[in-house]
Amino acid sequence: MKIGDYVVGLLENKKAEGVCAKTVKEYQRLWDKVLVPSGVPELEIDQLKRNDASKILLAGQAHGVFGGQRGIVILRQLLRYIRDEGLNPSVNWWEITVPTMPRKVVEWLDPEEWEKVRNAFDLTSFTGLRDRAYVELLRATGFRPSEALSFTRDKIDWKKKQI
């Protein structure tokens, strides 16, 4: 049987495991847009080779930085499902490595830029004070904006001086 013959079973299995519908839909989308164009689903189970994963990586490039990586993840999930069904694919799922992606370089404000930001607020108004406190909280704690907005005084342990 061909590798592609098992995708419906994989998706049904994911639903039965309780994976959210959005994730299952994303699996289907990536299957259609990345794996099918790669030609890998047309291979017989015993014809798959480890270097066939490179076809998925190439097909995934058209779908963003992580397209190929996500395609490899789905192939690994499918091979694991096939093995769990009692068949022995020619390649084990753990032999196909998920490529690491380059980390995003974080740019920080230098001290002069930070002072410009701090001094940009009108400290004679309530909103200026509030916004300055918000920006200072973000910088001092590393909070995400949503975390800083939900931050309240009761979340501070005054004795331990911890948040």
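What you see is a predicted model, and the numbers here were worked out from it, not measured in a lab.

**Student:** What is the right way to look at the overall build of the chain in this model?
**Tutor:** Assigned secondary structure in the chain consists of 7 helices and 0 strands. The secondary structure elements of the chain, listed N-terminal to C-terminal, are α-α-α-α-α-α-α. Its C-alpha atoms give the chain a radius of gyration of 25 Å, more than 25% over the compact-globule value 15 Å for 163 residues. With the principal axes as the frame, the chain shows a C-alpha extent of 75 × 35 × 25 Å. Within the chain, counting contacts between residues at least 6 apart in sequence, those at least 24 apart form 50% of the total. Looking at the chain as shown, the accessible area adds up to about 11700 Å², and 54% of this sits on carbon and sulfur atoms. Charge-centre separation for the chain: the mean point of 27 positive side chains lies 4 Å from the mean point of 23 negative side chains.

**Student:** Could you clarify how one ought to interpret the packing of aromatic side chains in this entry?
**Tutor:** Two aromatic rings, taken as a pair, are described by how far apart their centres are and by the angle between their planes. Enumeration over the complete set of coordinates arrives at 2 aromatic pairs. Centre to centre, the rings of Phe143 and Phe151 are 5.5 Å apart; their planes meet at 55°, and the pair counts as tilted. The class for Phe151 is partly exposed, based on a relative accessible area of 21%.

**Student:** In this structure, what is going on with the nonpolar core? I would like to understand it.
**Tutor:** Nonpolar side chains in soluble globular proteins tend to end up buried together. Counting 28 residues, the largest nonpolar core has Ile3, Leu35, Leu48, Ile56, Leu75, Leu78 and Ile96 as its most contacted members. Counting residues per element, this core draws most heavily on helix 4 (residues 67-84), at 7 residues. The residues contacting Ile96, other than those within four sequence positions of it, are Ala53, Ile72, Leu75, Arg76, Leu79 and Val91.

**Student:** So what exactly am I meant to see when it comes to the confidence of the model for the chain here?
**Tutor:** Fine structural detail should not be taken from predicted coordinates in areas where pLDDT scores are low. Summarising the model, the chain shows a mean pLDDT of 89, and 100% of its residues fall at 70 or more. Across the chain, the element-wise mean pLDDT spans from 88 in helix 3 (residues 53-60) up to 93 in helix 5 (residues 111-119).

**Student:** How should I be thinking about the environment of Lys104 in this particular structure?
**Tutor:** Assignment of secondary structure puts Lys104 in the loop between helix 4 and helix 5. In the structure, Lys104 is positioned 12 residues away from Asn92 in sequence and 31 Å away in space, judged by C-alpha atoms.

**Student:** Whenever I open this one, the pattern of salt bridges confuses me. Can you help?
**Tutor:** Two side chains carrying opposite charge are able to pair once their charged atoms lie near each other. If you walk through the whole model with that rule in mind, you get 11 salt bridges. For the salt bridge of Lys55 with Asp52, the shortest nitrogen-to-oxygen distance reads 3.2 Å. Salt bridges sharing partners connect three or more residues here, namely Glu115, Arg118, Arg132 and Glu136.

Calculation notes
Residues numbered from 1 in each chain as written. Predicted model: local features only at pLDDT ≥ 70, side-chain atom pairs only at ≥ 80, totals over all residues. Heavy atoms only, no water. Helix = DSSP H or I, 4+ residues; strand = E, 2+ residues; numbered from the N terminus. Rg over C-alpha atoms; globule rule 2.2 N^0.38 Å. Contact = heavy atoms within 4.5 Å. Areas by Shrake-Rupley, 256 points an atom, 1.4 Å probe, with all protein chains shown as cover. Lys, Arg positive; Asp, Glu negative; His and termini not counted. Charge placed at Lys NZ, Arg CZ, Asp CG, Glu CD. Phe/Tyr/Trp six-rings, centres within 6.5 Å; stacked < 30°, edge-to-face > 60°. Buried < 20%, exposed > 50% of the residue type's maximum accessible area, 1.4 Å probe, protein only. Core = buried A, V, L, I, M, F, W, Y, C linked by side-chain atoms within 4.5 Å. pLDDT = per-residue confidence, 0-100. Salt bridge = Lys/Arg side-chain N within 4 Å of Asp/Glu carboxyl O.

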